[in-house]
Every structure is written in C-alpha cells, then in structure tokens.
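Letter by letter, the chains look like this.
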Amino acid sequence: MADKLTTRAVDFSRWYGDVIAAAKLADNSDVKGCMVIRPNGYAIWENIQRQLDGMFKETGHQNAYFPLLIPESYLKKEKEHVEGFNPQLAMVTHAGGGKLTEPYVLRPTSETIINRSFKLWIQSYRDLPMLINQWANVIRWEMRTRMFLRTTEFLWQEGHTCHETEADAEEETLKMLEVYRVFAEEWMAMPVMAGRKTDSEKFAGANRTYSIEAMMQDKKALQAGTSHNLGQNFAKAFDTVFQGRDGQQHHVWQTSWGVSTRLIGGLIMTHSDDAGLVVPPKLAPQQVVIVIIGKGEERAPAYARAVQLAAELKKAGVRVKIDNDEGKPMGAKFYQYEMEGVCVRMDLGPKDLAKEQCVLVRRDDIKNKLSVPLGEAVAKCQSLLEEMQKAMFEKAKAFRDANTFEVNSYDELKARANDGFLLAHWNGDPKIEAQIKAETKLTTRNRPFSLKQEPGKCIVTGEPSVGRIVFSMAY
RNA sequence: CGGGGUGUAGCGCAGUCUGGUAGCGCACCUGCUUUGGGAGCAGGGGGUCGGAGGUUCGAAUCCUCUCGCCCCGACCA
C-alpha cells in the first residue's frame, strides 16, 4: 500500500485501475470480464440502489424478479432486438448431464421474458399502467472489458412499463430519464446532459432512446443511463394486448430504462484524484474516520472522546468509524484513507485535547487542515459533508463546461476531437454519422434538451441541420 | 477474431541466454521500540516457477503442445 498511484496525467487508464485496487473496490476474477466487487465497492452500489429504489417507488414502480435463463426463441421474436444482441449472447446448451432441446440465453436484458409475464398479467386498460422494476445481474459477452465500465457480467436495474397510449409511454420514458438526471447530479455529484440518442445509437428494439451523458476527467463521454420508448415492438412480438376503453384489443405501449454498476466507474473517473478515490458524501461507504494520534497512555483520553463524538455523529446519521490502531504510523493511515475515499478525516491526539479542538480534513481538499473546537466538531463534520457534495458537483460541472465547444467545420471537429464535447451541426443522415465515426472515432452522444435547437448547415455536407448535436470520444 | 506483451509467494519483479533443486522489495505474523504525513530492529510463515508431455543423472531455465491474463483494434451500458 505504500506505493503511489499512477497519476492521471501519465496514464489515465492505469490510474483508473490503480484507484480501484487501492480503494479496494474490485478484483479481477478468473473468468474473463467478470469482476469481484469488494465490500467497499459493493457499499457504494448499495447506496446507489437504496436511493434509486426509493425514487422508483415514489414514482409508483414495484420490484419483481424474472428468470436469469431465457429460452432462445424469446429473443428471436423481436427482429431488431435479436440482431442487436446476438453477438453478445452467452448460452446454456447443456444441463443435467445432457443437451437441452432448446438453449437458454443468459439474460442480456429482460424485455422478452418480462413480456411473457406482461401478457399474462394484463387484460384490460384497468391493469395499466404496469410499472415494474427489476434489480438483477445480466451477461453480455464483450470483446473488451474494463472494470465497472464494461464487464461481461454486471449488476443493474431495469425498469419495464406498459401503458395505454403512446403519449403515456413517452411521458414515462422522459420521467425516468429525469429521475436519472436528478440522481446523477444530486447524489453522484456528476453533471449530465439529458437528451435523445440518434437512431443508430438507440437500443435494439426501441423506437426512441434517451440518455444521460457525463464527461470524465479525460474529456471522454460516459453514457450513464438510458431510457427507451419501446413503442409496441415487443408488445406485437409477444402479443401483449389489453382491452381498451373502446372495447377493442390493443397492443400496450412500453418503456424500459436502466442504470448499472457502470455508474461506479463514472463516479471514479469524474471525481477521483491522484491521491485515490473521491466519492460524494451521499454515496460514500465511509463518511468520517476519526484517527487517534499519540503513543501509549496518552491515546486513552483521545479515544474516549472519539467514542463520544462518533456516537453523536452516528445519531446524526453519519457513517463514521474510529481508527485506534497503534501499530501503524499516522501518516500511513492518512494515505490509506485518502486512497479509500473517506470524505472527512478527524485527527484527534493529546495536543488537540489540550486545546479542546480537533483537526478536520475534507477529502476533496486534503491540503486544507481545519482546527475546530471539539464542541463544534459534529456540526462541522456535517457541514463539511454537505459542502463537499456541492463542491464536487460544481467542480465537475465547471470542468465539463470548460471542455464543451461549438465547432463549425469538419476540419475543426477533427482538430478538436479529443477536446471534450463538441456541438456541431449534422444533417441527420446515419451514413454521415457513420462516416464521422469511422474517420474521427467521434460518436454522437445525444441531442441535449438543454441545447437550444437552431437551424444551421451540416459540417460535412453543408445540408440543412435542425440543430447542433453533441459529438465526443466515448467509453 | 487480428496485432503486441506477459505468466516465478497476496502484489511488483529478478533468476531463463550459459540446466545444478528458488530469491528480492512491498504486504502478512511475533516481539520490542516508535507515533501530529508512507517507522526501526530482530525473528518468522508462505511458491510442486500457468498446465501437459519430452530431452537430461538433474529443468523455472532447453524442445513440443496447450491454457490464462493484460494492452491496442472491430463490438458495446
């Protein structure tokens, strides 16, 4: 643990891996692309889950669980869907000592198997809307994997809903995208652009896909969440129908939306620094650590005081622990907690007690040591956590805004390819989009709602454009 | 699947060319000392050297085959 991390400037990718190892978030496993999520990493996921789950419940959704194994024939029912997912499927062909008559697919997403249930559950418009969410693991056979960002197996939630009208489905799609936006910005302190994906970037089987896109510290984009308006594509494939107010049978209008453990990768690449992990207080496994300083007998009074303070902090809902281990030098502990991303460190030793104060250090501002009277320490810890949450968002937002540019020619787009988010006019033709991708590696991220759409000329063809769209290098 | 790299202790590596029965740093364990930014000393535990086969009196080292992992591309949340 005494080793320093690779710095971001030297090698961003290695730095990312070093942070994950140093903060004990995850290990590689013996299965390619699959990772072991360690307690520190899983605690972040649990905090993400707890908050999002509450938000889903508030918007009327219920959790359910559907099988991991999906008959292959289900996937094949929706043409675009099967074409999109085929290369990524893992299949169970043998079980119970023999070959199966029909292979089972390990779910890459659950639209098909959930429609099988929707078909049974829904009879009339009175059963709508049907608002279901599932917390699950999924398997997608990826060529190239990266911890948290793209793993063969990942954890996620997938919302699946059915509605009476197309407008209701569209409203739901946008509502859940907004839930994601609020969660990303208020809980992850990660500014995102919410907007619509182009047809070539949309989900296989959807009519429209919306996403939230964040900017990482290397100026690459990360698609952090998606929400799809599925139209009646799956309903028609699975014959998911309801009797309408008009007495006739209609196919339901559906949505699906999801975020995954990829968010943890986004968290790391948005906020962490060369000293290690930085996590927003609202999601941090450990918010405060009290480090006892001193030798032998002189530690006892500090420890006794720390126990009191920790009890008060816990009562106030703060996740706190005390480090009274005398075996390690203080400095080593400081570096350790910085790598692990503990939000606030309180140093408490004989010198502090003599002055009735303690030293507080905020993780996103480690050079700034604050001396705080012990009587105010609990309140100060709480306010530091709140300030840190806000400061992290503001810092990330300032970075994103400083690396977002309008570009007005193809040459300029090429020249600035690695500079961040590039707002450019494009004629809407998928072929031009593909050409740009092939020539520059830049992809369209989305058409942000916040970006006022004014007509212009396509930077490649000079043809009319309805408005600028965001191009960026992406994960 | 193509290109490159690499497998020796938990991690990082040396040893391989020139075969002689495995070593270093960190981590870990015990004891003493130490404590306001990565501690010191002493002692200790842990590896059938990715796997299989071969050559040899003898293989981490040479030969053959095989497997895994990492990085770069095509694919993708």
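Residues numbered from 1 in each chain as written. Chains lettered and ligands numbered in written order. Predicted model: local features only at pLDDT ≥ 70, side-chain atom pairs only at ≥ 80, totals over all residues. Heavy atoms only, no water.

### What to know about the protein's contact with RNA strand B
Then step 1. Close to RNA strand B lie 40 residues, the nearest being Arg144, Arg150, Arg262, Glu326 and Asp352.
Then step 2. Sugar and phosphate atoms constitute 40% of the interface atoms of RNA strand B, taking the interface as everything within 4 Å of the protein.
Then step 3. At 3.2 Å, a side-chain N or O of Glu142 approaches a sugar or linking oxygen of RNA strand B.
Then step 4. Between RNA strand B and the protein, one listed contact pairs a base nitrogen with a side-chain N or O atom of Glu338 at 2.8 Å.
Then step 5. Of all the elements in the fold, those that place two or more residues in the surface near RNA strand B are helix H10 (330-340), strand E17 (344-348) and helix H11 (350-354).
Then step 6. If you tally residues by element for the surface near RNA strand B, the top one is H10, at seven residues.
Then step 7. Grouping the amino acids of the surface near RNA strand B by side-chain chemistry returns 15 nonpolar, eight polar and 17 charged. (Near = heavy atom within 4 Å. Polar contact = N/O pair within 3.5 Å; in protein donor to acceptor, adjacent residues only side chain to side chain. Helix = DSSP H or I, 4+ residues; strand = E, 2+ residues; numbered from the N terminus. Nonpolar A, V, L, I, M, F, W, Y, C, P; charged D, E, K, R; others polar.)

### A short note on the side chain of Arg107
Then step 1. Mapped onto the fold, Arg107 is located in the loop between strand E6 (98-106) and helix H5 (111-121).
Then step 2. We note that Arg107 is buried and unpaired, the nearest opposite charge coming from Glu158 at a distance of 5.0 Å.
Then step 3. Within the local environment of Arg107, its side chain forms a polar contact with the side chain of Tyr65, the two groups lying 2.7 Å apart.
Then step 4. Side-chain polar atoms of Arg107 contact the backbone oxygen of Phe66, separated by 2.8 Å.
Then step 5. Not counting residues up to four positions away in its chain, the partners in contact with Arg107 are Tyr65, Phe66, Pro67, Leu68, Ile70, Gln134, Ala136, Asn137, Val138, Ile139 and Glu158. (Buried < 20%, exposed > 50% of the residue type's maximum accessible area, 1.4 Å probe, protein only. Lys, Arg positive; Asp, Glu negative; His and termini not counted. Salt bridge = Lys/Arg side-chain N within 4 Å of Asp/Glu carboxyl O. Contact = heavy atoms within 4.5 Å.)

### Some points on the domain arrangement of chain A
Then step 1. Structurally, chain A comprises domain 1 (2-271), domain 2 (288-384) and domain 3 (404-472).
Then step 2. Distance from the C-alpha centre of domain 2 to the C-alpha centre of domain 3: 50 Å. (Domains from an automatic or database assignment.)

### Some thoughts on the pattern of salt bridges
Opposite charge on two side chains makes pairing possible when the charged atoms of those side chains draw close.
Then step 1. As enumerated under the stated definition, the model contains 26 salt bridges in all.
Then step 2. Close ionic contact of Asp27 with Arg38 constitutes a salt bridge, the shortest N to O distance being 3.7 Å. Of the two residues, Asp27 sits in strand E1 (residues 26-28) while Arg38 sits in the loop between strand E2 (35-37) and helix H2 (39-58), which places them 11 residues apart along the sequence.
Then step 3. The exposure class assigned to Asp27 is partly exposed, which follows from its relative accessible area of 33%.
Then step 4. Among the ionic pairs, Lys57 bridges to Asp53, the shortest N-O distance being 2.6 Å. You can see Lys57 and its partner Asp53 sitting in helix H2, four residues apart, about one turn around the helix.
Then step 5. Residue Lys57 is classed as partly exposed on the basis of its relative accessible area of 43%.
Then step 6. Since its relative accessible area comes to 16%, Asp53 is described here as buried.
Then step 7. Salt bridges sharing partners connect three or more residues here, namely Glu178, Arg181 and Glu185.

### Describing the sheet that holds strand E9 (residues 192-196)
Then step 1. Strand order in this open sheet of eight strands is E3-E7-E8-E14-E11-E10-E9-E23, and the pairing throughout is mixed. Here the strands that pair on one side only, and so sit at the sheet edges, are strand E3 (62-63) and strand E23 (447-448).
Then step 2. Of the pairings in the sheet, the one linking strand E7 (residues 130-139) to strand E8 (residues 153-163) comprises 10 bridges and is antiparallel in character. If you follow Asn133 over to E8, its bridge partner there is Gly159.
Then step 3. Contacts between H2 and the sheet are confined to E3, E7, E8 and strand E14 (253-260), with E7 contributing the most and set at about 165 degrees to the helix. (Pairing = 2+ DSSP bridges. Axes fitted to C-alpha atoms, helices over the stretch in contact; angles between N-to-C directions.)

### Quick notes on unusual backbone geometry
Note: most residues except glycine have negative phi, and most peptide bonds are trans.
Then step 1. A cis amide bond links Leu128 to the next residue, Pro129, at an omega of -5 degrees.
Then step 2. Structurally, Pro129 can be placed in the loop between H5 and E7.
Then step 3. One non-glycine residue, Lys24, adopts positive backbone phi at about 55 degrees.
Then step 4. With respect to the secondary-structure elements, Lys24 resides in the loop between helix H1 (12-22) and E1.
Then step 5. Positive phi, normally seen in glycine, also occurs at Glu356, with a value near 55 degrees.
Then step 6. By the secondary structure assignment, Glu356 is in the loop between H11 and strand E18 (357-362).

### A closer look at the sheet that holds strand E15 (residues 288-292)
Then step 1. Overall, mixed pairing links the five strands, which are arranged E16-E15-E17-E18-E19 in an open sheet. Edge positions in the sheet fall to strand E16 (320-323) and strand E19 (369-373), since each of these pairs with one other strand and no more. Averaged over all pairs of adjacent strands, the angle between their axes in this sheet comes to 25 degrees, without regard to strand direction.
Then step 2. Relative to the sheet, helix H12 (residues 377-402) contacts E15, E17, E18 and E19, its axis offset from that of E18 by approximately 10 degrees.

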